[in-house]
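Structural overview for review
Okay, here's what each chain looks like letter by letter:
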Amino acid sequence: MKYAYPAIFTQTPDGYQVKVPDLPGCITFGDDLPDALDMAKDAVEMWLWDAENQKEAVPPAHTIENVSCASGSFTSLILADTDRYRRENDTRAVKKTLSIPLWLNVKAEKANAPFSQILQEGLKEYLHIDSPQ
């Protein structure tokens, strides 16, 4: 699902605090404005993804015009895509069919090679990643 929620940005000595008033407890921080925007997107997507997974009602978003903020703060819309977030962060295993030479399979089975672990490690190395993000 795609969503748009208004967020309140407040500059602090350490960067920016971001609060999403329609999502209880959805508060995050960023070292600078680009970081705060990125962190806000991640926090909103995580909050909504969890609500969807728990089959909880997703609160409706107010329009940005209906969100007031203190002097020195500002509002901005945060766009969230829980389908994309789920694809990028879901750690459930998926079954893949692959082919390797028979001689390699025989040697790997004799060595009790953990095929799934080796494939995961090899793909992470190939893609230069060490986490789902």
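The structure under discussion appears in the preceding block.
Quick summary incoming for the structure in this document. Numbers given to residues run from 1 along each chain, matching the order in which its sequence is written. Local features are withheld for residues below a pLDDT of 70 in this predicted model, meaning they are given only at 70 or higher, and side-chain atom pairs are given and counted only at 80 or more; totals for whole chains, interfaces and linings count all residues. Values shown for side chains rest on all heavy atoms present in the structure; no hydrogens or waters enter the calculation.

**Observations concerning the packing of aromatic side chains**
The condition that has to hold: Pairing of aromatic rings covers Phe, Tyr and Trp, the last through its six-membered ring, and needs centres within 6.5 Å; plane angles under 30 degrees mean stacked, over 60 mean edge-to-face, and all others mean tilted. In DSSP terms, a helix is any run of H or I states spanning at least four residues, a strand is any run of E spanning at least two, and both are numbered starting from the N terminus. Relative accessible area decides the class of each residue, using a 1.4 Å probe on protein chains only: under 20% of the type maximum gives buried, over 50% gives exposed, and in between gives partly exposed.
Evaluation of the coordinates by the stated rule reveals 4 aromatic pairs. Between the aromatic rings of Tyr 16 and Phe 74, the centroid separation amounts to 6.4 Å while the plane-to-plane angle is 75 degrees, which identifies the pairing as edge-to-face. Here Tyr 16 is found in strand 2 (residues 15–19), whereas its partner Phe 74 is found in strand 4 (residues 73–81), with 58 residues between them in sequence. Judged by its relative accessible area of 15%, Tyr 16 is buried.

**Describing unusual backbone geometry**
The backbone phi angle of Asn 112 is positive, close to 55 degrees, even though this residue is not glycine. Relative to the helices and strands, Asn 112 resides in the loop between helix 3 (102–110) and helix 4 (115–127). Accessibility expressed as a relative area gives 66% for Asn 112, which makes it exposed. Despite not being glycine, His 128 has its phi angle at roughly 60 degrees, a positive value. Checked against the element boundaries, His 128 lands in the segment after helix 4. Assessed through its relative accessible area of 72%, His 128 is described here as exposed.

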